[in-house]
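Okay, here's what each chain looks like letter by letter:
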Amino acid sequence: MIKLFFAVCFNLLIILPAFCRVTPISGYESLPKPQETKATEPEVKEVEFDEFKHFIQERFSTAPKADSSSINKTVGYLPSLTSEQMAKESKKGIFQQMYEQALGRISNTPAPARADIATSATPLPPVKEQEESWRLADVPLITAYLPPDNTPFDIPALEHIPYLMNSIEVLPSGLVKFEETVVVVANGGKLKSGLTKILPLYVYDPYGHRQRLDYSVVGVRVNDMPINYHLTDNGRNVLLVPDDDYRLDPGIYTYKFEYVVDNLLWNYGDFYQLYWDIGGNGWNLVVDRLGASLSLPTEGALLSQEILLGSLQGLESNAVEIRPNGRFATAYIAKRPLFIGEGMHLVADISAQALAKPTFGQKLIRSFYDYGDIYLSLLGFLIIVGSFAVSWRYISADKGQLKFVLPKSASVIRYLLLNRFDLKSVCGFLLELYKKNIIDIQQSGDTVLLIKRTDNLKSLQNYEAKALQYLFPSHETVFNVNDKNRLPIKRFASCLEHGLKRQMLKFRLKLNLGYLFFSLAMLMVTEVFMAFFKLNSLYSFMVMATASLACLGALAMWYFGRKRWIKILVRLFSLDIILISFIVFAAVVHPLAGVLLIASTLAIVMALGVYSKRLGLIKHYIQDIANFKDYLLKHRDNIVISRDFLNYQSAIWAFDLEQDFVPKGTPEYYKLPAASAILFKLK
């Protein structure tokens, strides 16, 4: 919504591709000279110079710096990245980029950027050394017409910024509008394509607190031609990068960046404070002439101001000239060039009466800049956990319905009633094979024979057919149940047990599909909304979705393995995946939001485990089996006198009802005594 608001307030320029050469350009010497004006005393607080200097030095600790080893001492600016390094960066995979971005956020070091901005945190040589090399550079001079009145100047024919003017306008709504004019000299070194501008992602107060900034690009023009630019997240900075890496021919170019920043002003109640590095502190080019103007909504709104120029190696309070620029504005002019790694830092206290009080909607939106990740991830976590609580209450009230059919085989009955697979389950499966006319069971005294009747096993599941091959390998059709054949019987029983457990696992997953799809959908929706507030929305969503799926897989693996040492290895591997997922989350969202997303995946896995337990969704199937047992007992008299006994024989065996169901006489299909004999031999 805030993007739409900016679009309504400012007419966005139509973006057209343009390849520009030289346009006459020109200095800000026409700004009014200092006049005797009545100084406005600070009405809110007094800032000591040492305190302000310490504050600026703290800001430098998070600012990007160039690499001193790559400085060309002759001309005083950094050479461009080699083509080999650029090719190496382009070949990095998405996971390597995510890893480097995460480490950049955790270590407070910006990720590598383009050649036209400073990219390393390595301290620079002393400014004095850079200044001497810059003044003594033996290079040809060219004439440039610098703004605002096209004054001709002789400038070095080197890649540098001969002119930079930043117009800062504080709007009554609290937004800050920037119109920055940058003149660059390109010769195919660092400036092979469009100029890149680095912007801070956060602004800090003197106590180390930070708030996230929100940018809206109004437009970028090069030599008065509109060029398509976009914002991209780069760790703790934001890059304003051209959409197309068009070729920048050698020449002089005038860039005009226009953008709006929200949440930049610190609200101290009775006054607002603005901090901004006018020089940018990210240019990988020397700025020969630097200036800025600060415009406020009302006259007398500026309570106090401090401005310093320099780097960590030294900050100067007298290197900037301050001039009044009308009733509502103040101009700042640097008295010397700005070298790589330096900045011109402005802190201005603004009267609270000059700005409109923020509305509730503005406060809510601004809180999302810093805590939106946490809000959304917490909301998603609560929805996932809450939906489980509601559904569990529904299940506990016995309102669940049997939507999936579970076969009432002997092994399933005993597994549901006793939660185990035993020898009676094996004998019950033999009774089912007899009912399906696949085998015949013959008993004569102590001898029990299993005779194979058919090779048509379509009525069996795959694991059941595989288990039967252990009893009847090759073309054998008779199996004698005795001590000599214990090994094939053991293999037969083991195959049945593993197959049953896999069957029950698949059934549990089928039961959990509803909650699994719902919870995953909620998790993905949460990540979609979180990605919406990011500059790189699609990339951020892909990163979060990949990390979430990795967490789900790692948590599911937690229960794998039978032997202790295998479980330990699997769980260590799972912990590694979860840790890597957290690092990946930290690359795009707040670390606490990453913890909440991992907690959401943990809640999903734990909920699936609870649903799969006997008191969960299986509860209704256990009750259904108990009702089936009551049905058999209720119709016992009819079952024992009819051939229906054959259909219920394996269930009677599984329920341990052999003594209650004894048919009159000894019908041929009555195989419970034979099953008892087999059970006795297997014990």
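Residues numbered from 1 in each chain as written. Predicted model: local features only at pLDDT ≥ 70, side-chain atom pairs only at ≥ 80, totals over all residues. Heavy atoms only, no water.

Trainee: Help me understand the overall build of the protein, please; the structure alone is not making it clear to me.
Mentor: Broken down by element type, the protein carries 17 helices and 23 strands. Summing over all exposed atoms, the protein offers an accessible surface of approximately 33900 Å²; the carbon and sulfur share of this is 58%. (Helix = DSSP H or I, 4+ residues; strand = E, 2+ residues; numbered from the N terminus. Areas by Shrake-Rupley, 256 points an atom, 1.4 Å probe, with all protein chains shown as cover.)

Trainee: Even after reading the chapter, I still don't get the pattern of salt bridges, so can you show me in this structure?
Mentor: Oppositely charged side chains may form a pair once their charged atoms are brought near each other. Counted under the stated rule, the structure contains 19 salt bridges. Put simply, Lys 177 and Glu 258 hold a salt bridge, and the shortest N to O gap is 3.1 Å. In this pair, Lys 177 is assigned in strand β4 (residues 176–186) and Glu 258 in strand β12 (residues 251–262), connecting sequence segments 81 residues apart. What emerges from the salt-bridge pattern is a single network uniting Arg 414, Arg 420, Asp 422, Lys 424, Asp 656 and Glu 658. (Salt bridge = Lys/Arg side-chain N within 4 Å of Asp/Glu carboxyl O.)

Trainee: Please explain the sheet that holds strand β20 (residues 343–351) as it appears in this structure.
Mentor: Two pairing modes exist for strands in a sheet, parallel and antiparallel, and in both the strands are linked by backbone hydrogen bonds. The strand order β13-β14-β20-β16-β17 describes an open sheet built from five strands, whose pairing is antiparallel. Of all the strands in the sheet, just β13 (266–267) and β17 (314–316) have a single pairing partner and so form its edges. Bridge count between strand β16 (residues 302–311) and β17: three bridges; the pairing is antiparallel. Bridge assignment links Leu 309 to a residue of β17, and that residue is Glu 316. (Pairing = 2+ DSSP bridges.)

Trainee: How should the sheet that holds strand β15 (residues 290–295) be read in this particular structure?
Mentor: The eight strands are arranged β9-β8-β12-β4-β3-β15-β19-β18 in an open sheet whose pairing can be described as mixed. The open sheet has two edge strands, β9 (225–227) and β18 (320–324), and neither has a second partner. Neighbouring strand axes in the sheet, compared pairwise and without regard to direction, differ in orientation by 20° on average. (Axes fitted to C-alpha atoms, helices over the stretch in contact; angles between N-to-C directions.)

Trainee: How do you make sense of the nonpolar core when you look at a structure like this?
Mentor: One broad trend across soluble globular proteins is that nonpolar side chains are buried collectively. Grouped together as the largest cluster of nonpolar side chains are 92 residues, with contacts concentrated most on Leu 416, Leu 430, Ile 441, Leu 450 and Leu 471. It is helix α10 (residues 486–532) that contributes the most residues to this core, 13 residues altogether. Among all residues touching Ile 441, those that are not within four sequence positions of it are Leu 430, Leu 431, Tyr 434, Val 448, Leu 449, Leu 450, Lys 671 and Ala 674. Counting 64 residues, the second-largest nonpolar core is a separate cluster that includes Phe 178, Tyr 255, Trp 266 and Tyr 272. (Core = buried A, V, L, I, M, F, W, Y, C linked by side-chain atoms within 4.5 Å. Buried < 20%, exposed > 50% of the residue type's maximum accessible area, 1.4 Å probe, protein only. Contact = heavy atoms within 4.5 Å.)

Trainee: Would you explain the side chain of Ser 387 in this entry?
Mentor: With respect to the helices and strands, the residue Ser 387 is situated in helix α6 (residues 360–396). On the basis of relative accessibility, which here comes to 17%, the residue Ser 387 falls in the buried class. Those residues in contact with Ser 387 that sit more than four places away from it in its chain are Tyr 515, Phe 518 and Tyr 611.

Trainee: Teacher, can you tell me more about unusual backbone geometry here?
Mentor: Note on backbone geometry: most residues besides glycine have negative phi, and most peptide bonds are trans. Phi at Asn 263 takes a positive value of approximately 70°, unusual for a residue other than glycine. Of note, Asn 263 is situated in the loop between β12 and β13. Not every positive phi belongs to a glycine, and Ser 474 is a case in point at roughly 50°. If you trace the backbone, Ser 474 turns up in the loop between α9 (462–471) and β23 (478–480).

Trainee: Looking at this structure, I do not really get the packing of aromatic side chains. What am I missing?
Mentor: Where two aromatic rings form a pair, the distance of their centres and the angle of their planes describe that pair. Scanning all chains against the criterion turns up 18 aromatic pairs. On the basis of an interplanar angle of 15° and a centroid distance of 5.1 Å, the ring pair of Tyr 268 and Phe 271 is categorised as stacked. Taking relative accessible area as the criterion, Tyr 268 reaches 28% and is therefore assigned partly exposed. Given the relative accessible area of 6%, Phe 271 is considered buried. Each ring, one from Phe 368 and one from Tyr 375, has its centre 5.5 Å from the other, and the planes form 80°; the classification is edge-to-face. Using a relative accessible area of 38% as the deciding quantity, one classes Tyr 375 as partly exposed. Connected via pairs of aromatic rings, a cluster forms that spans Phe 368, Tyr 371, Tyr 375, Phe 532 and Phe 533. Above the ring of Phe 628, the side-chain terminus of Lys 408 is found at 6.0 Å from the ring centroid. Stacked on the ring of Trp 653, the Lys or Arg Lys 424 has its end atom at 4.2 Å from the ring centre. (Phe/Tyr/Trp six-rings, centres within 6.5 Å; stacked < 30°, edge-to-face > 60°. Lys NZ or Arg CZ within 6 Å of the ring centre and 35° of its normal.)

Trainee: Whenever I open this one, the packing of helix α11 (residues 537–557) against helix α12 (residues 564–588) confuses me. Can you help?
Mentor: Each pair of packed helices can be described by the angle between their axes along with the distance between the axes. The N-to-C vectors of α11 and α12 enclose an angle of 165°; their axes lie 9 Å apart at closest approach. Classed by the angle they form, the pair α11 and α12 counts as roughly antiparallel. The two elements α11 and α12 cross, and the hand of that crossing is left-handed. Taking contact as the criterion, the partners of Tyr 539, Ser 540, Val 543, Met 544, Ala 547, Ser 548, Ala 550, Cys 551, Ala 554, Leu 555 and Met 557 in α11 are, on α12, Val 570, Phe 573, Ser 574, Ile 577, Ile 578, Ser 581, Val 584, Phe 585 and Val 588. A class-by-class count of the residues in the contact of α11 with α12 yields 16 nonpolar, four polar and no charged. (Parallel < 35°, antiparallel > 145°, perpendicular 65-115°, else oblique. Left-handed = near helix turned anticlockwise from the far one by under 90°. Nonpolar A, V, L, I, M, F, W, Y, C, P; charged D, E, K, R; others polar.)

Trainee: For this particular structure, what's the right way to read the pairing of strand β2 (residues 151–156)?
Mentor: Along any regular strand, the residues point their side chains to alternate faces of the sheet. One ladder, built from six bridges, connects strand β1 (residues 141–146) with β2; its direction is antiparallel. Note on β2: the bridge partner recorded for Ala 144 is Phe 153.

Trainee: Can you help me understand helix α16 (residues 644–654) in this one?
Mentor: Three- or four-residue spacings in an α-helix give side chains the same orientation, since the helix completes a turn every 3.6 residues. With eight of eleven residues buried, α16 lies mostly within the body of the structure. Restricting attention to buried positions, one finds in α16 the residues Phe 645, Leu 646, Gln 649, Ser 650, Ala 651, Ile 652, Trp 653 and Ala 654. Each element contacted by the buried residues of α16 is listed here: α7 (410–418), α8 (423–435), α14 (618–634), α15 (636–640) and α17 (672–682). Asp 656 occupies a position one or two residues after α16 and carries a positive phi of about 60°.

Trainee: Teacher, can you tell me more about the packing of α14 against α16 here?
Mentor: It is at 11 Å that the axes of α14 and α16 come closest, and there the two elements cross at 120°. With respect to α16, the axis of α14 lies oblique. α16 is crossed by α14, and the crossing has left-handed handedness. Every residue of α16 that contacts α14 at Phe 628, Tyr 631 and Leu 632 is listed here: Tyr 648, Ala 651 and Ile 652. Here the residues of the contact of α14 with α16 sort into six nonpolar, no polar and no charged.

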